[in-house]
Amino acid sequence: MSATAPPVRVLLIGAGHVGATAARRLSRRLGSRLADPAVEPRRSPAHDAEAAPPVHLTVVNPTPRTVYRPLLPEAAAGSLPTHHAAAPLRHLLPSCRVVIGEAESADHRHRTAYVRTPADRSPLALRYDHLVLAPGAGEEPPRAPGIAEHAFDTRALHEVTALGNHLVHQLDLASSTRDPTVRDAALTFVFEGGDAATVALLAELAAAARRSCRDFGNLPPEELHFLLAVPEARLLPEYEPPPARRVLAELRDNNVDVRLGASLASCTPRLAVLDDGTRLPAHTVVRAAPTAPHPLLASTDLPRTRDGFLRRTRALQLDGVRGAWSAGASAALPTPEAPAPTPAHSRRQGLLLAENLAAELRGEPLVDYRHTHASSAIPLGPRRAVAQLHHRTLSGTTAWLWHRGHHLTRLPAPRGVGLVAEWTLALLFRREIVSLSRAPEPGGTRNSPPDSGV
């Protein structure tokens, strides 16, 4: 009688877009081999000798949810309930052990990661045989004074929804005040960043603000001032030039003041200053922080590049290390021809990582990741979008419909049905947008843990 083979322990850190995608695909590929770590598997003696060992998959994430970031702009604008942009991990990954906590370090030499959970005073030590690092990217700390205290972020779910609440409150404030200075500041919204997520968020909020002006008798939409400061020389550096130029034209046609090569120099609760000297009385400042290596990466003994990102191979294994994997924004891929990653490319990496890890467990050869064109779209408000499809650029309603259909195929079936119902109701009835309470100050919304990135 042979002894039962010990389980293979897979630890996945980060359940953002990449991590959740990899965990779901890995669960499907492993099938019956995936076992609950809390339950000892039962095997017959005759089956033990020829059966593959079970696999225990543990997922560590700071929050009990994963966020589908392409839906965040609609959730912030009130055109989609917030719960459609987030999914509980316990439902999304029913065959996995989910640990809610912040990974502090990883000692790969001893195959141990240390996780700080809300309920424990000392870090929880998690042993593993294979480690998947997908915590997303960190943020560069702002250098301009006042940004950290007074600007909204665009990455965390709680802060994006607070921004939508804050916008409606500013409209209420502008409608009720008789002070023209306060009115101008309440109706001015300053955004910094030229990536697709920031552009989509600005466009959705601008469209929602203009729709909401109909409910006020004294707020002409023409008084709204949306400004986008783009630190780079062009908009959307992660996209090809034709769709980027089309998005720029669409924004300007929609009365968005786009300043290329400009960035925030400072801000206060009532004033935003650009580095070109422009002073804007504004109560609302939104900043998309430049990405940086996640702090966890510096607390590991894994190979990193000079910039601090993980160094991996084309098969998404860490270079020169067995049993360590990474995908998404945490690691640098050896493809200098690849532009900045988009969510579509990150999803492809998450799927391939799961396939390669499953192949490694089966003793099969791995497949290299090859950067190819990925179709994607940037929504610009109701029935408006710009899409890049196989090097072709589409815009308007056609691109908007493709954008919605594309995301429906990426969601689990039950969530997709609910999303279609919400979108259908939004087409038939105008959604009421209301501030349920006074919006918190931007600097006061960051007590909740951030959501994992791509």
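Parameters and conventions
Throughout this description, residue numbers start from 1 for each chain and increase along the sequence as written. Per-residue local features of the predicted model are confined to residues with pLDDT of at least 70, and side-chain atom pairs are confined, for both listing and counting, to 80 or more; whole-chain, interface and lining totals are unaffected and use all residues. The side-chain quantities take in all heavy atoms of the structure and omit both hydrogens and water. A pair of strands is considered paired only if DSSP assigns at least 2 bridges between the two. What counts as a helix is a DSSP run of H or I of at least four residues, what counts as a strand is a run of E of at least two, and both are numbered from the N terminus. Axes, fitted as lines to C-alpha atoms, cover a helix only where it is in contact. Angles between the N-to-C directions of the axes lie from 0 to 180 degrees. A helix is expected to span 1.5 Å multiplied by its residue count minus one. Between buried and exposed lies partly exposed: a residue is buried under 20% and exposed over 50% of the maximum accessible area for its type, with that area taken using a 1.4 Å probe on protein chains only. The arc in question is the one spanned by the directions pointing from the helix axis to the C-beta atoms. Whether two residues touch is decided by their heavy atoms; if any such pair falls within 4.5 Å, the residues are in contact. We call Phe, Tyr and Trp rings a pair once their centres come within 6.5 Å, taking the six-membered ring for Trp, and we label the pair stacked below 30 degrees between planes, edge-to-face above 60, and tilted otherwise. Polar contacts, as used here, are pairs of N or O atoms within 3.5 Å; protein pairs need one atom able to donate a hydrogen and one able to accept it. Residues neighboring in sequence count only if both atoms are side-chain atoms. By convention, the crossing between two helices is left-handed when the near helix turns anticlockwise from the far helix through less than a right angle, and right-handed when the turn is clockwise. The definition of a nonpolar core used throughout is a set of buried Ala, Val, Leu, Ile, Met, Phe, Trp, Tyr and Cys residues joined through side-chain atoms within 4.5 Å. Working rule for angles: under 35 degrees goes down as roughly parallel, over 145 as roughly antiparallel, 65 to 115 as roughly perpendicular, anything else as oblique. Amino acids are sorted into nonpolar (Ala, Val, Leu, Ile, Met, Phe, Trp, Tyr, Cys and Pro), charged (Asp, Glu, Lys and Arg) and polar (every other residue, Gly among them).

Visitor: So what exactly am I meant to see when it comes to the sheet that holds strand E8 (residues 124-127) here?
Guide: As a general point, the strands of a sheet are linked pairwise by backbone hydrogen bonds and lie either parallel or antiparallel. An order of E6-E7-E8 is seen for the three strands of this open sheet, with the pairing classed as antiparallel. Bordering the open sheet on either side are strand E6 (102-107) and E8, each of which pairs with just one other strand. Averaged over neighbouring strand pairs, the angle between their axes works out to 25° when direction is ignored. Here strand E7 (residues 112-116) pairs with E8 via four bridges, running antiparallel. Across the sheet, residue Val115 finds its bridge partner in E8, namely Leu124.

Visitor: How should helix H9 (residues 241-253) be read in this particular structure?
Guide: Helical geometry: 3.6 residues make up each α-helical turn, so side chains three or four residues apart lie on a common side. Across its 13 residues, H9 extends 18 Å between first and last C-alpha, which sits within 8% of the 18 Å expected from 1.5 Å per residue. Inspection of H9 places Pro243, Ala244, Val247, Leu248, Glu250 and Leu251 among the buried residues, and these make up the whole buried set. Viewed along the axis of H9, the buried residues span an arc of 165°, placing them on a single side of the element. In H9, the exposed positions that point more than 90 degrees away from the buried face belong to Arg245 and Asp253. Buried-residue contacts for H9 involve helix H8 (196-212), strand E12 (225-230), strand E13 (256-260), strand E22 (376-379), strand E23 (385-389) and strand E24 (392-395). Following H9 by one or two positions, Asn255 adopts a phi angle in the positive range, close to 65°.

Visitor: Please clarify how the sheet that holds E24 should be interpreted in this entry.
Guide: The strand order E22-E23-E24 describes an open sheet built from three strands, whose pairing is antiparallel. Bordering the open sheet on either side are E22 and E24, each of which pairs with just one other strand. With strand direction ignored, the average angle separating the axes of adjacent strands in the sheet is 15°. Where E23 and E24 come together, four bridges link them in antiparallel fashion.

Visitor: Even after reading the chapter, I still don't get the packing of aromatic side chains, so can you show me in this structure?
Guide: When we look at a pair of aromatic rings, we describe it by the centre distance and by the angle of the planes. With the rule as written, the count across this model stands at two aromatic pairs. Ring centres of Phe189 and Phe226 lie 4.7 Å apart, and the angle between their planes is 20°; this geometry places the pair in the stacked category. With Phe189 in strand E11 (residues 188-192) and Phe226 in strand E12, this residue pair connects regions lying 37 residues apart in the sequence. Taken together through their ring pairs, the aromatic side chains of Phe189, Phe191 and Phe226 make up a single cluster.

Visitor: Looking at this model, I keep getting lost on unusual backbone geometry. Mind explaining?
Guide: Peptide bonds are, in most cases, trans, and in most cases residues other than glycine have a negative phi. A positive phi angle, near 50°, is found at Leu236, a position not held by glycine. Inspection of the secondary structure assignment puts Leu236 in the loop between E12 and H9.

Visitor: In this structure, what is going on with H8? I would like to understand it.
Guide: Compared with an ideal rise of 1.5 Å per residue, which puts 17 residues at 24 Å, H8 spans 24 Å between its outermost C-alpha atoms and is within 8% of the ideal. Counting buried residues in H8 gives 16 out of 17 residues, a clear majority hidden from the surface.

Visitor: Hey, could you run me through the environment of Leu318 in this one?
Guide: With respect to the secondary-structure elements, Leu318 resides in the loop between strand E19 (310-311) and strand E20 (324-326). Residue Leu318 is classed as buried on the basis of its relative accessible area of 2%. Spatially, the C-alpha atom of Leu318 lies 9.7 Å from that of Val132, the residues being 186 residues apart in sequence. Aside from chain neighbours lying at most four places away, what touches Leu318 is Leu302, Pro303, Leu310, Arg311, Arg312, Ala324, Trp325 and Ser326.

Visitor: For this particular structure, what's the right way to read the environment of Tyr68?
Guide: Relative to the elements of secondary structure, Tyr68 occurs in the loop between strand E3 (65-67) and helix H3 (72-76). Here Tyr68 falls in the buried class, since its relative accessible area comes to 10%. Here the alpha-carbon distance between Tyr68 and Ala87, two residues 19 residues apart in the chain, equals 7.9 Å. Other than its neighbours up to four places away in sequence, Tyr68 contacts His17, Ala85, His407, Arg410 and Leu411. Only 2.8 Å separates the side chain of Tyr68 from the side chain of His407, close enough to count as a polar contact.

Visitor: Explain the packing of helix H1 (residues 17-30) against helix H10 (residues 343-362) here, please?
Guide: Remark: H1 packs on H10, axes separated minimally by 8 Å, with the N-to-C direction vectors making an angle of 35°. Crossing angle aside, the handedness with which H1 passes H10 is right-handed. Contact residues: H1 offers His17, Val18, Thr21, Ala22, Arg25, Leu26, Arg29 and Leu30, while H10 offers Pro343, Ser346, Arg347, Gly350, Leu351, Leu353, Ala354, Glu355, Leu357, Ala358, Leu361 and Arg362.

Visitor: What is the right way to read the nonpolar core from this model?
Guide: Nonpolar side chains tend toward joint burial in soluble globular proteins. Grouped together as the largest cluster of nonpolar side chains are 44 residues, with contacts concentrated most on Phe226, Leu228 and Leu251. Broken down by secondary-structure element, the contributors of at least two residues to this core are helix H6 (157-176), E11, H8, E12, H9 and E13. For this core, the leading source of residues is H8, giving 10 residues. Beyond its immediate chain neighbours, meaning those up to four positions away, Leu251 contacts Val199, Leu202, Leu228, Leu235, Val256, Val258 and Leu380. In terms of nonpolar packing, the next biggest core, distinct from the first, is built from 30 residues, Leu26, Val59, Leu89 and Leu93 among them.

Visitor: What's the story with the packing of H6 against H8 in this structure? I'm lost.
Guide: Between two packed helices, the angle of one axis relative to the other and the distance separating the axes together describe the packing. Interaxial distance between H6 and H8 falls to 11 Å at its minimum, and their mutual angle equals 30°. Regarding the angle of H6 to H8, the classification is roughly parallel. Like other packed secondary-structure pairs, H6 and H8 cross with a definite hand, here right-handed. Contacts between H6 and H8 pair Val160, Leu163, Gly164, Leu167 and Leu171 from the former with Leu201, Leu205, Ala209 and Ser212 from the latter. Of the residues that constitute the contact of H6 with H8, the class distribution is seven nonpolar, two polar and no charged.

Visitor: It is not clear to me how the pairing of strand E2 (residues 55-61) should be interpreted in this structure. Could you clarify?
Guide: Along E2, seven of the seven residues are buried, which leaves the element largely enclosed by surrounding structure. The alternating pattern of E2 places Val55, Leu57, Val59 and Asn61 on one face and His56, Thr58 and Val60 on the opposite face, and all of these are buried. As paired strands, strand E1 (residues 8-13) and E2 are joined by six bridges and run parallel to one another. Bridged to Leu11 within E2 is Thr58.

Any functional reading would require information that these geometric values do not contain.
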